[in-house]
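In case you want the letters, here they are:
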Amino acid sequence: MKNVTITDVAKLAGVSKSTVSQYLNKRFDYMSEDTKQRIESAIKELGYQTNFIARSLKQKRTSTIGVIVANILHTFSTQIIRAIEDVCNEHDFHVIVCNADDDPEKEKKYINMLRAKQVDGIIAFPTGGNTDLYEGMIQENYPLIFVDRLIDGLQVDAFLLDNKAASKLAVQHFAQMGHKHIGIITTSLIRNVTPRVERIAGYMETLKEMGLPNEKEYAKGFEVTEIKRGLEKMLSLDPPPTAILAGNDLSLMEILNYTKNKGLKIPDDFSLIGIDDVSFANIYYPPLTTIAQPVFEMGTEAANLLIKKIKSKETSIPKIHRFKPELIVRESVKNV
């Protein structure tokens, strides 16, 4: 079967090839409704489909971006992806999503694959490795955005929560409810992942500001598989924390699984706040007090900036864009 070309569409619609090209690229400024309808009818009748390879060669871009998330199991990651995809859809860009599993080697493979596929830009949740690859992109002015995480020494536009403020909101709420012995559990701190480190720092700073006990054993980061064991050890301390801040959604899930397995009740046995407003927070019993991130706003702004960089090719001084957390009070913190 003969491939249908723009020439075929133009001939059937009775217009020039350039007019069909303008239609396909949605440049309708000087195009009448009659012309648009004739081109649309010709495309349908002929079954014409855009040759993206030919278009990318002509435009010198693929209208595709890559998104490398550190761990797609995080609710935050999937919501950010959704926001990015919404923006890209509006601009007729395609999205390739890669999950690095917090593994620098896997991240490196995906960076190289995306560059080989000539994607126009990358939004990354960096693992903390592959500094040399990211540095190379910066040197060649390749469109690059970081989300949720920073890498020391790299000047890249980044979009992330004000993590210290998130912990501060939680600690202040615990204190207002009468709690003095407050703990925090998050996922592994081995790679100094930005939100985890900053949230623990914010927790410690707020305890100090409020004159509350700042016990080293109350602040821990574990691999996900070790969180239950770590929580059990923390609750066996003398005195144990009466309130615990879950540093992210995966930590929260493990803490809730532990309470179920041990027959503990929240907030009777200990009060709980989670950073990330998980979808089940308001239907869990009791409803969970959380710290929400403006996830869709973050993803939308990150995607808009990347597309602006791709289209304009202009250079600008990179900025760190911080977003304000919100405390959502429900019923998982008791007054003591």
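First things first, this report covers the structure right here in the doc. Since we're looking at a predicted model, the values are computed, not measured. (Residues numbered from 1 in each chain as written. Predicted model: local features only at pLDDT ≥ 70, side-chain atom pairs only at ≥ 80, totals over all residues. Heavy atoms only, no water.)

### Considering the pairing of strand β5 (residues 157-161)
Cut-off, in case you're wondering: Between buried and exposed lies partly exposed: a residue is buried under 20% and exposed over 50% of the maximum accessible area for its type, with that area taken using a 1.4 Å probe on protein chains only. Each helix is a run of H or I in the DSSP string that is no shorter than four residues. Each strand is a run of E no shorter than two, and both are numbered from the N terminus. Between any two strands, at least two bridges found by DSSP are needed for them to pair.
Counting buried residues along β5, five of its five residues qualify, which places the element largely inside the surrounding structure. Pairing of strand β4 (residues 144-147) with β5, which is carried by three bridges, proceeds in the parallel orientation. Bridging across to β5, V147 finds its partner in F159. By the bridge criterion, four bridges tie β5 to strand β11 (residues 320-323) in an arrangement that is parallel. Bridge pairing in β11 links A158 to I320.

### Here's the deal with unusual backbone geometry
The bulk of non-glycine residues show a negative phi, and the bulk of peptide bonds are trans. Across the junction of I266 and P267, the peptide omega takes the value 5°, indicating a cis bond. Following the sequence through the fold, P267 ends up in the loop between α11 (249-262) and β9 (271-275). Each neighbour pair has its own omega, and for Y285 with P286 the value is -5°, a cis peptide bond. Mapped onto the fold, P286 is located in the loop between β9 and β10 (289-292). Unusually for a residue other than glycine, S63 sits at a positive phi of about 55°. Looking at the secondary structure, you find S63 in the loop between α4 (52-59) and β1 (64-69). Using a relative accessible area of 12% as the deciding quantity, one classes S63 as buried. Phi angles above zero are rare outside glycine, and D101 is one such case at about 55°. Tracing the sequence through the fold places D101 in the loop between β2 (94-99) and α6 (104-116).

### With respect to helix α10 (residues 227-235)
Rules: It is the directions from the helix axis to the C-beta atoms whose arc is reported. Working rule for contacts: check all heavy atoms of both residues, and any pair within 4.5 Å makes them a contact.
Of all the residues in α10, the buried ones are I227, G230, L231 and M234. The buried residues of α10 all sit within an arc of 100° when viewed along its axis, so they share a single face. Opposite the buried face of α10, by more than 90 degrees, sit the exposed residues R229 and K233. The secondary structure elements touched by the buried residues of α10 are β6 (182-187), β7 (219-222), β8 (243-246) and α11.

### Things to note about the sheet that holds β8
To be explicit about the condition: Helix axes are fitted only over the stretch in contact, all axes being lines through C-alpha atoms; the angle between N-to-C directions runs from 0 to 180 degrees.
Strand order in the open sheet made by the six strands is β7-β6-β8-β9-β10-β12, with mixed pairing throughout. Each having just a single partner strand, β7 and β12 (326-328) make up the two edges of the open sheet. Taking the axes of each pair of neighbouring strands and ignoring which way they run, one obtains an average angle of 20° across the sheet. Bridge analysis of β10 against β12 gives three bridges, and the strand direction is antiparallel. If you follow A292 over to β12, its bridge partner there is E326. Helix-sheet contacts for helix α8 (residues 163-176) involve β6, β8, β9, β10 and β12, and the interaxial angle to β9 is about 165°.

### Quick notes on the pattern of salt bridges
Heads up, the rule is: A pair is scored as a salt bridge if a Lys or Arg side-chain nitrogen falls within 4 Å of a carboxyl oxygen belonging to Asp or Glu.
Evaluation of the coordinates by the stated rule reveals 18 salt bridges. One salt bridge connects K106 with D101, and the closest N-O pair in it is separated by 2.8 Å. A residue is classified by how much of its surface remains accessible, and K106, at 22% relative accessible area, is partly exposed. A cluster of three or more residues bridged by salt bridges with shared partners is formed by D102, D148, R149 and R196.

### Describing the packing of helix α2 (residues 17-24) against helix α3 (residues 33-46)
Which entries qualify depends on this criterion: The scheme is simple: roughly parallel for angles under 35 degrees, roughly antiparallel for over 145, roughly perpendicular for 65 to 115, oblique for anything else. Under the convention adopted here, Pro, Cys and the residues Ala, Val, Leu, Ile, Met, Phe, Trp and Tyr are nonpolar, Asp, Glu, Lys and Arg are charged, and Gly plus all remaining residues are polar.
Following both chains from N to C, one finds α2 and α3 inclined at 85°, their axes separated by 11 Å at the closest point. In terms of axis orientation, α2 runs roughly perpendicular to α3. Between α2 and α3, the contacting residues are T19, V20, Y23 and L24 on the first element and T35, K36, I39, E40 and I43 on the second. Residue classes in the contact of α2 with α3 are distributed as five nonpolar, two polar and two charged.

### Quick notes on the nonpolar core
Our working rule: To qualify as a nonpolar core, a set must consist of buried Ala, Val, Leu, Ile, Met, Phe, Trp, Tyr and Cys residues joined through side-chain atoms within 4.5 Å.
I65, V67, I80, I84, I123, F125 and V147 are the most contacted members of the largest nonpolar core, which totals 24 residues. At the level of secondary structure, the elements contributing two or more residues to this core comprise β1, α5 (75-90), β4 and α12 (295-312). In terms of residue count, α12 provides more of this core than any other element does, seven residues in total. For I84, the contacting residues outside a window of four places in its chain are I65, V67, I123, G299 and A303. Grouped together as the second largest cluster of nonpolar side chains are 20 residues, V171, M177, I182 and A219 included.

### Points about the pairing of β4
The two faces of the sheet receive side chains in turn, since in a regular strand these alternate between them. Which entries qualify depends on this criterion: A crossover counts as right-handed when, viewed with the strands pointing away from the observer, the path leading from the first strand over the helix to the second turns clockwise.
Burial of β4 is two-sided: the residues L144 and F146 facing one way and the residues I145 and V147 facing the other way are all buried. In terms of strand pairing, strand β3 (residues 121-124) meets β4 through three bridges, oriented parallel. Its bridge partner lying in β4, I123 is registered against I145. Handedness of the crossover joining β3 and β4 through helix α7 (residues 131-139): right-handed.

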